[in-house]
Structures are given as structure tokens and as C-alpha cells.
Amino acid sequence: MSTVVLDNVTKVYPGGYLAVDRMSLRADEGELLVLLGPSGCGKSTLLRMIAGLEEITNGDLWLGGKLANHLAPRDRDVAMVFQNGALYPHRTVRGNLSFPLEIAKADPNLVRERVVELSRALHIDETLDRRPGTLSGGQRQRVAMGRAIVRQPSIFLMDEPLSNLDAGMRTELRMEISSLVRALGVTTIYVTHDQIEALTLADRIAIMNRGVLQDIGSPAQVYNDPATAFTAAFLSSQQLNLLSATVRTPQNQYILLDFGPHQITMPWTDPRAYAVSQHTGSQIIVGIRPDALAPMPEKAEAPSFFGRVRTLEYHGHEWLAYVEVGIPAVTVPEPPDPTQRNGHVNGTNGTASKAKSMVRRLLSGSSSESAAAATPPPLPGTLGGHRRADLIVRLGARPYWRAGEHARVAVDVSRLMLFTQTGARIDPPRR
Ligand SMILES: Nc1ncnc2c1ncn2[C@@H]1O[C@H](COP(=O)(O)OP(=O)(O)OP(=O)(O)O)[C@@H](O)[C@H]1O
Ligand SMILES: [Mg+2]
């Protein structure tokens, strides 16, 4: 049993900084769970609480079904690889790899065998007699991983192990980590702020912002069906178009998304129509990925925006167009600033019974926990004053338009992502 369950885990640092705010999630036996979020959102803090290197202020941590809040780090059967991959400088690679086993007083023959076997798997068998100072960054990181995993821990924690490496080395090691942890079947929590790393490595991704869980699901679920505007924006390879619209239902005939100078209709047959109609008369946020937009021939009829091409950008494999459409720009809704919400973290928020039912659900193996459960209300996305949004359109290998030209932009209505002003999905994501 090596599941990891966090139940409403909160961390307030001395001085009052709320780094992790009531996080609930579960990593299953043998699962590779990636924690993804921007710098400073609390990823390392969370990992260090699981390792026992940081005290939990509130909430419960369960490791392999046992309450672990107060277990000493060495009793947790957890190994951690740190961002900087610190090694013992005066020991050889062999010495670094064998050290955890020597401490555990393992049979020397077994130690020798295991170190050689592991060094082959990590492609560092030719460096066994060298000291860390003579290794490349990639080799050092492989040794750090080997040293963490040599004891065969039940749970493997990795904190941005690839962030100091160049792009080629990152790709290579990423694939190796994936096959290594899957071959070993160790429950792994892997921290990164790189969305490509998360999408390529994870069984499931948990996305955090400002200490709050935003979304959790398989890479395809969180990418295609994000629970929040933050997730949608953070996982977009090109900048996500976020636009403000008012929902109207003229004579109840269809749904009209009113962007001011532009209107897009959505038929009642659309699976999201009922959920959107509940917001009639209100402003919502519409997210559109640049590849859900395309140039439209002059005479064609389809849901579309129109405007002037402000600029074209060449990205090597494709062109992007920035089209002025006269719609106010919206910023991504954020959870409140941690310094503004450290008043309600002392367990006085009356969520005890909710917490109990959640932990029962988590422990029973259901992964249907809601990302938004027990989080404070986020701030609404703000309209960017007089700032107008450019629609970013993916054009492919040919630029299609010229700068300054009038453009009509067709939109794939089925791919519009609809959020409330606080950034929660209007039509519930399928999990
Ligand atoms: N010992 C500490 N005392 C006070 N505040 C801290 C402490 N350690 C971290 N913090 C703060 O907590 C927040 C979360 O930090 P954390 O290191 O968990 O972020 P992170 O998501 O790992 O960021 P990065 O991607 O940059 O490593 C940050 O604002 C950080 O400044
Ligand atoms: Mg960190």
C-alpha cells in the first residue's frame, strides 16, 4: 500500500504566509501524479509536507492508509529528489548510490549488485568511480534519482528534477523517468511548472495556483475539458483568448453570446446550452484556443468575428495572426492573494463534517473530488479597462492575411470554453 491522500492540507509559514490552502487530492498505488503550477504557487511546500520536511498546519496526510502528519521523515518510506540534485561531493557515484543501503545495513553483496543494476538503468554505469564534481548536470541528476530510488521506497517525490538541464537533456531524461518509475511501479509525485513535461509524463495532473487546487484529471481531461479558466490558460501552448460576453436568450429561440460588436449563437441542441442559459443577462468569460479559430472566406456563412489584422507573427512551423476585434480584454481570474486570506485557515471555517466525508470518499478510492471543494471564492476576472483584446488565430504554414487587412475569423462553437466571472466552468467538466 503506497497511496498518498491529502485531506484539506494547509500550510501557513511562520509570519503568516498561506502557502497551501486546503488541498485535497489522492495519488493511487503506482500512479505518476504531476503537480503543475506557476513559480511560488506552493508545489515544493506540498511535496516537503509529504516528505515530512515541513510541518502541516492543518488537515491530514495519509500514506498507505496511515495517518502520517506526525511520522518522522525516515519512517515514511518516502524518497525525494530535490531541484538542485545535491550529492555527497567526496563520495564517488558508486558511493553516493550505495550510501542509503549502507545506512540501512544491507548485505554488501546485494548493495554492489543493486548499484550496478541501477546505474545501468540510468545510463551512468561508466561514471561509477567518478566524483560528482566531474559529472555533467544531466549525469548528476541521474545519480540523485538513483540515490533516491535505490532503497526501493514506496513513494517517490521529485521536485523539478530537470529544471537545471538544457532542452535536449530534459526531453531525454523525461522519457527515462517515465519508463523507470513505471517499471518500478512506485507511486510518484512529480513537481514541475512546465506544461509539456506535465502533459507528457503524467497519469494525472493536479494544477495549483496560489496554494489552491484548480483542477485534477488525466492530461487529456485537463487540457480539453478544463475545470477553470486558470487551467485552460496555463495549459495553452499559445496564449488563450479570454473574452467577456453577456448571455442572452432572445425569445428563447437560441443562446446568444453577446460580445458587444460581435454575436455568436449557440443552438439549444448544444450540450452546454442549458447550463449557459442559467446565466442569461449575466457576463461570462469565453475562452477560445487559437486553433479553434480560422480564416473565413468572404462569402461563407458561419459563426465568426471580424476585425483588422494588427500583426502577423512567424513561429517557424506556423504563423499566428493578431486580429483587433474591439472586445474588452479579460484577465485570468485568480484565487485571492494569500496575504489577504490567512484569516480563515485556523480550522474555524466549519468544514469539519465536509472534511470527514471527503476523506471517506478519498480513502474509498473515488477520485471524483471536486477541484473547487472547500476553496475560498476566487476573485473575478477583471476587464482590462479600455484595453481591447486581440484575437490570436493559428494560421498554419501560410500567413493567409496581410497586416492591416480586414479579416473574418470563423469560430468552432463546439470548442468555446465557458466560465463564470470567477473562472469556474459553466458546464461541468466530465471527470
Ligand atoms: N520557509 C518559508 N517561510 C516563509 N515563506 C515561505 C517559505 N518557504 C516558501 N515560502 C513561500 O511560500 C510560497 C510557496 O513556495 P514554494 O517553494 O512552495 O513554491 P513553488 O511552487 O515550489 O515555486 P517554484 O516553482 O519557484 O519552486 C512562496 O511564496 C514562498 O515565498
Ligand atoms: Mg519549488
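Scroll up to find the structure this text is about.
Everything in this summary refers to the structure shown in the same document.

Rules used throughout
- Residues numbered from 1 in each chain as written.
- Chains lettered and ligands numbered in written order.
- Predicted model: local features only at pLDDT ≥ 70, side-chain atom pairs only at ≥ 80, totals over all residues.
- Heavy atoms only, no water.
- Near = heavy atom within 4 Å.
- Polar contact = N/O pair within 3.5 Å; in protein donor to acceptor, adjacent residues only side chain to side chain.
- Areas by Shrake-Rupley, 256 points an atom, 1.4 Å probe, with all protein chains shown as cover.
- Helix = DSSP H or I, 4+ residues; strand = E, 2+ residues; numbered from the N terminus.
- Nonpolar A, V, L, I, M, F, W, Y, C, P; charged D, E, K, R; others polar.
- Contact = heavy atoms within 4.5 Å.
- 1 Å grid on protein atoms, 1.4 Å probe; cavity = no way out; pocket = protein on both sides within 12 Å on 5 of 7 lines; lining within 4 Å.
- Points joined across faces, edges and corners; volume = space filled by probe spheres on them.
- Buried < 20%, exposed > 50% of the residue type's maximum accessible area, 1.4 Å probe, protein only.
- Pairing = 2+ DSSP bridges.
- Core = buried A, V, L, I, M, F, W, Y, C linked by side-chain atoms within 4.5 Å.
- Axes fitted to C-alpha atoms, helices over the stretch in contact; angles between N-to-C directions.
- Parallel < 35°, antiparallel > 145°, perpendicular 65-115°, else oblique.
- Left-handed = near helix turned anticlockwise from the far one by under 90°.
- Salt bridge = Lys/Arg side-chain N within 4 Å of Asp/Glu carboxyl O.

### What about the site of ligand 1?
Thought 1: Lining the immediate environment of ligand 1, one finds 13 residues, of which Ser 39, Gly 40, Lys 43, Ser 44 and Thr 45 sit closest.
Thought 2: Between ligand 1 and Gly 40 there is a distance of 2.7 Å, counted from an oxygen atom to a backbone nitrogen or oxygen.
Thought 3: Contact with the protein chains covers 62% of the free accessible surface of ligand 1, which is 640 Å².
Thought 4: Ranked by residues supplied to the shell around ligand 1, first place goes to helix H1 (residues 43–51) with three residues.
Thought 5: Looking at the shell around ligand 1 residue by residue, the class counts come to five nonpolar, six polar and two charged.

### Description of the environment of Ala 79
Thought 1: As for its placement among the helices and strands, Ala 79 is situated in strand E6 (residues 78–81).
Thought 2: Once residues lying within four places of it in the same chain are set aside, the contact partners of Ala 79 are Ala 148, Arg 151, Pro 153, Ile 155, Phe 156 and Leu 157.

### Side note on empty space enclosed by the protein
Thought 1: A full pass over the atoms with the stated rule returns two cavities of 30 Å³ or more.
Thought 2: If you add up the space inside the second largest cavity, you get close to 30 Å³.
Thought 3: Lining the second largest cavity are Tyr 223, Ser 236, Ser 237, Gln 238, Arg 289, Pro 290, Asp 291 and Arg 394.
Thought 4: Its residues placed into classes, the lining of the second largest cavity shows two nonpolar, three polar and three charged.

### A short note on the pairing of strand E3 (residues 32–36)
Looking along a regular strand, one sees the side chains alternate between the two faces of the sheet.
Thought 1: Across the five residues that make up E3, a large majority, five, are buried.
Thought 2: Residues Leu 32, Val 34 and Leu 36 line one face of E3 and the alternating positions Leu 33 and Leu 35 line the opposite face, and both faces are buried.
Thought 3: As paired elements, E3 and strand E8 (residues 187–192) share five bridges and run parallel to each other. Bridge pairing in E8 places Val 34 opposite Tyr 190.
Thought 4: One ladder, built from four bridges, connects E3 with strand E9 (residues 204–209); its direction is parallel. Bridged to Leu 36 within E9 is Ile 207.

### Overview of the nonpolar core
Thought 1: Membership of the largest hydrophobic core comes to 41 residues, with the highest contact counts inside it found for Phe 156, Met 158 and Tyr 190.
Thought 2: The element that contributes the greatest number of residues to this core is helix H4 (residues 137–149), accounting for five residues.
Thought 3: What Tyr 190 contacts, discounting residues up to four positions off in sequence, is Leu 32, Leu 33, Val 34, Leu 35, Met 158, Pro 161, Leu 162, Ile 177, Glu 197 and Leu 201.
Thought 4: Ranked by size, the runner-up nonpolar core spans 35 residues in total, among them Ala 245, Met 266, Val 323 and Ile 327.

### Considerations on helix H2 (residues 93–103)
Turn by turn, an α-helix covers 3.6 residues, leaving residues three or four places apart pointing in a common direction.
Thought 1: Buried residues of H2: Val 93, Gly 95, Asn 96, Leu 97, Ser 98, Pro 100 and Leu 101, and no others.
Thought 2: Summarising the contacts, the buried residues of H2 are in contact with helix H3 (108–121) and H4.
Thought 3: Once H2 finishes, Lys 105 follows within two positions and takes phi at roughly 55°, a positive value.

### Section: the packing of H2 against H4
Thought 1: Where H2 meets H4, the axes come as close as 7 Å, and the angle between the chain directions of the two elements is 25°. Compared by their axis directions, H2 and H4 come out roughly parallel. Handedness of the crossing formed by H2 with H4: right-handed. Of the residues in H4, those touching H2 at Val 93, Asn 96, Leu 97 and Pro 100 are Val 143, Gly 146 and Arg 147.
Thought 2: Grouping the amino acids of the contact of H2 with H4 by side-chain chemistry returns four nonpolar, two polar and one charged.

### Describing the packing of H4 against helix H5 (residues 167–184)
Thought 1: Two numbers describe how H4 lies on H5: the axes approach to 11 Å, and their chain directions differ by 15°. In terms of orientation, H4 and H5 fall into the roughly parallel class. Pair H4 / H5 crosses with right-handed handedness. On the side of H4, the interface is formed by Gly 138, Gln 141, Arg 142, Met 145 and Ile 149, while H5 contributes Met 169, Glu 172, Leu 173, Glu 176, Ile 177, Leu 180 and Leu 184.

### Some points on the sheet that holds strand E2 (residues 18–27)
Thought 1: Pairing is antiparallel across the open sheet formed by four strands, whose spatial order is E2-E1-E4-E5. Two strands close off the open sheet at either side, each with one partner strand: E2 and strand E5 (66–67).
Thought 2: Examined bridge by bridge, strand E1 (residues 4–12) and E2 share six bridges and lie antiparallel to one another. Counterpart to Lys 11 in the pairing with E2 is Val 20.
Thought 3: Its contacts with the sheet put H1 on E1, E2 and strand E4 (58–63), and the angle it makes with E1 is roughly 120°.

### Topic: the pattern of salt bridges
Thought 1: A complete count under the given rule lists 24 salt bridges for this structure.
Thought 2: Between Arg 94 and Asp 129 there is a salt bridge, and its shortest N-O distance comes to 3.2 Å. Here Arg 94 is found in helix H2, whereas its partner Asp 129 is found in the loop between H3 and H4, with 35 residues between them in sequence.
Thought 3: Its salt-bridge partner being Arg 415, residue Asp 291 comes within 3.1 Å of it at the nearest N-O pair. Taken as a pair, Asp 291 in the loop between strand E14 (283–288) and strand E15 (293–295) and Arg 415 in the loop between strand E19 (406–411) and strand E20 (417–419) lie far apart in primary sequence, 124 residues in all.
Thought 4: Taking relative accessible area as the criterion, Asp 291 reaches 32% and is therefore assigned partly exposed.
Thought 5: Each member of the salt-bridge network shares a partner with another, and the members are Asp 215, Asp 225, Arg 425, Asp 427, Arg 430 and Arg 431.

### Brief notes about the pairing of strand E12 (residues 255–258)
Thought 1: Going residue by residue along E12, you find Ile 255 and Leu 257 tucked away on one face and Leu 256 and Asp 258 tucked away on the opposite face as well.
Thought 2: Note: strand E11 (residues 241–248) against E12, three bridges, orientation antiparallel. What sits directly across from Thr 246, in E12, is Asp 258.
Thought 3: Between E11 and E12, which pair antiparallel one after the other, the connecting turn spans six residues, and Gln 251 there sits at a positive phi close to 45°.
Thought 4: In the sheet, E12 pairs with strand E13 (residues 263–266) via four bridges, with the strands oriented antiparallel. Across the sheet, Leu 256 pairs through a bridge with Thr 265, a residue of E13.

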